[in-house]
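Observations on the model geometry
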2 protein chains.
Amino acid sequence: MNKGTFVVLASGRGSNFQAIIDRVSDGYINAVCTSLITDNPDAYAILRAKDAGIPAEVVSYRTFPDKNMYENALLATLARYNPDLVVLAGYMRLLGERIVDLYKGKMMNIHPSLLPAFQGLHAQRQALMYGTKVAGCTVHFVTHDMDAGPVIMQRTVQVLDDDDEESLSERILIEEHQVFPEAIKLFFEKKLLIKGRRVFLLPRT
Amino acid sequence: MNKGTFVVLASGRGSNFQAIIDRVSDGYINAVCTSLITDNPDAYAILRAKDAGIPAEVVSYRTFPDKNMYENALLATLARYNPDLVVLAGYMRLLGERIVDLYKGKMMNIHPSLLPAFQGLHAQRQALMYGTKVAGCTVHFVTHDMDAGPVIMQRTVQVLDDDDEESLSERILIEEHQVFPEAIKLFFEKKLLIKGRRVFLLPRT
């Protein structure tokens, strides 16, 4: 049987991308990462892709006359790879409705907070400013509403009294690197059942 | 040196009230609970107070002509006990600004969610409907905004696939019964330092 495939969309450093492809390499995720797609021609993630022998595609918003054309290009790039799953790993651009609809239930994002708390940018800073004692990260399916789709997995991190944004972000990132590969693994094992807003874990067979 | 004193406000069953006075009895909390105050003449918490030899005061909203008079009565009752700390343990009535101002930094509440997520009523049901994987409880200082004061402590609970509101609430309650006495203990040890929205834990001396 052919393995499932996925593409990763990332805009920056790509540390989650690296964590994911490492877990493909060691056999934990039983699927193939067929491409890295980025909107940022300078993304360090591109180098990681090259190191891993994974094609890197740059679809840069700035090179298109409008949002619609950009989305057409992104859709065309995705269609070329025809992935079973689209993984948003620090992709800093909101995806249009057409893309979200096309990959409904087949697109995951990770967010550095315990959603629904601290949606949007700088979630870790928001958590510190609020004074929460427990932070964390959330892997969720992507829907039209930003940072609000069905939650697949969450991991918690204690906020320490001497935390700043950087130290808290680093500890959350450690959890992200574990939980995101786990969610992808479960997806390809067909263990994730979406029912409304809830995601259930099917029993091992 | 005289021990510090606190009063507990509760409207219902009083399971947190019981957990707290149990930890006074066994010496964990170094303070005296001088009264239970309730707005509900039928609260089971009243029986718990009697069993523990703690005076129970009923200040029932319905017996006063308006909110202002009710608050006057509640303030008068509080003043009689002149507590160092006011503990809201399932008190189902919003307190007026005068009371909140008077006990600023000296009034704690517990809420069955990881604030800022799921404020207001039926927090556990809200968590299940959202599909969050991590629920919990929050002890916080009370401010004018409901369920939004500086966070003292939080405890997490995993949401299970077969959880309903009752089962999740029960597991959260187990954590509430541990974390609320701990926060009160730390308050009387003068270990809690409020700075803006954050609460820091002072080192042991």
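Each remark here, short or long, concerns the structure printed above.
Residues numbered from 1 in each chain as written. Chains lettered and ligands numbered in written order. Predicted model: local features only at pLDDT ≥ 70, side-chain atom pairs only at ≥ 80, totals over all residues. Heavy atoms only, no water.

1. A closer look at the environment of Pro112 of chain A
Residue and element names in this part refer to chain A. The criterion, for reference: In DSSP terms, a helix is any run of H or I states spanning at least four residues, a strand is any run of E spanning at least two, and both are numbered starting from the N terminus. The contact criterion used is simple: two residues touch if any of their non-hydrogen atoms lie within 4.5 Å.
Here Pro112 is to be found in the loop between β5 (107–111) and α5 (123–130). Each C-alpha atom of the pair Pro112 and Leu202 lies 25 Å from the other, and the pair is 90 residues apart in sequence. Pro112 has contacts with Ala123, Gln124, Gly136, Cys137, Ile172 and Glu176, leaving out every residue within four places of it along the chain.

2. Describing the environment of Tyr81 of chain A
All names here are of chain A. Mapped onto the secondary structure, Tyr81 falls in helix α3 (residues 67–81). For Tyr81 and Ser167, which are 86 residues apart along the polypeptide, the C-alpha to C-alpha distance reads 37 Å. Beyond its immediate stretch of four places on either side in the chain, Tyr81 contacts Thr5, Val7, Thr34, Ser35, Pro55 and Glu57.

3. What about the side chain of Asp163 of chain A?
The condition that has to hold: Polar contacts, as used here, are pairs of N or O atoms within 3.5 Å; protein pairs need one atom able to donate a hydrogen and one able to accept it. Residues neighboring in sequence count only if both atoms are side-chain atoms.
Locating Asp163 of chain A in the fold gives a position in the loop between β7 (151–158) and α6 (165–188). A distance of 2.8 Å separates a polar side-chain atom of Asp163 of chain A from the backbone nitrogen of Leu160 of chain A.

4. Focus on the pairing of strand β6 (residues 134–141) of chain B
All names here are of chain B. Selection rule: Relative accessible area decides the class of each residue, using a 1.4 Å probe on protein chains only: under 20% of the type maximum gives buried, over 50% gives exposed, and in between gives partly exposed. One bridge is not enough; two strands pair if DSSP finds at least two bridges between them.
Extensive coverage of β6 is indicated by the burial of eight of its eight residues. Summarising the sheet, strand β5 (residues 107–111) and β6 pair through four bridges and their orientation is antiparallel. Bridge pairing in β6 places Met108 opposite Phe141.

5. Thoughts on a negative patch on the surface
Residues and elements named next belong to chain A. We apply this condition: Every patch collects residues that have over 30% relative accessible area and no salt bridge, joining them within 9 Å if they carry like charges and within 5 Å if they are nonpolar side chains (Val, Leu, Ile, Met, Phe, Trp, Tyr). Areas reported here follow the Shrake-Rupley algorithm with a probe of radius 1.4 Å; residue values treat only the protein chains shown as occluding. The term salt bridge refers to a side-chain nitrogen of Lys or Arg lying within 4 Å of a carboxyl oxygen of Asp or Glu. Counting rule for charge: Lys and Arg are taken as positive, Asp and Glu as negative, and neither His nor the chain ends is counted. For this purpose, a charge sits on NZ of Lys, CZ of Arg, CG of Asp or CD of Glu.
Residues Asp162, Asp164, Glu166 and Glu170 make up a contiguous surface patch of negative charge. Along the chain, the position of Glu166 falls in helix α6. With a relative accessible area of 56%, Glu166 lands in the exposed category.

6. Thoughts on the interface of chain A and chain B
Heads up, the condition is: Put simply, buried area is how much 1.4 Å-probe accessible surface two parts lose in total, over both of them, once they are put together.
At the interface, 28 residues of chain A touch 28 residues of chain B. Both faces combined, the contact of chain A with chain B buries some 2300 Å², and carbon together with sulfur accounts for 51% of it. Counting the surface chain A buries against chain B, the share from its top three residues, Tyr130, Lys133 and Arg198 of chain A, is 31%. Counting across the chain A and chain B interface gives zero salt bridges.

7. Thoughts on the relation of the copies chain A and chain B
Quick note on the threshold: Least squares is the method used to superpose the copies, on C-alpha atoms of residues holding a pLDDT of at least 70 in both.
Here chain A sits on chain B after a turn of 180° about the axis and a move of 0.0 Å along it, with an RMSD of 0.0 Å. Read as a symmetry element, the transformation amounts to a two-fold axis. Nearest to the rotation axis, the C-alpha of Ala117 of chain A is located 2.6 Å from it, this being the minimum over chain A. Comparing contact sets, 100% of the residues at the interface of chain A also lie at the interface in chain B, consistent with an isologous, same-surface contact.

8. Section: the side chain of Ser35 of chain A
Residues and elements named next belong to chain A. Positionally, Ser35 belongs in strand β2 (residues 31–38). A polar side-chain atom of Ser35 sits 3.3 Å from the main-chain carbonyl oxygen of Pro55. Every residue in contact with Ser35, bar those within four places of it in the chain, is listed here: Phe6, Val7, Val8, Ile54, Pro55, Glu57 and Tyr81.

9. Things to note about the pattern of salt bridges
Within the structure shown, the criterion is met by 24 salt bridges over all chains. The salt bridge involving Lys185 of chain B is made with Glu189 of chain B; its shortest N-O contact spans 3.1 Å. Each of the salt bridges in this network shares a partner with another, and the network as a whole consists of Lys67, Glu71 and Arg98 of chain A.

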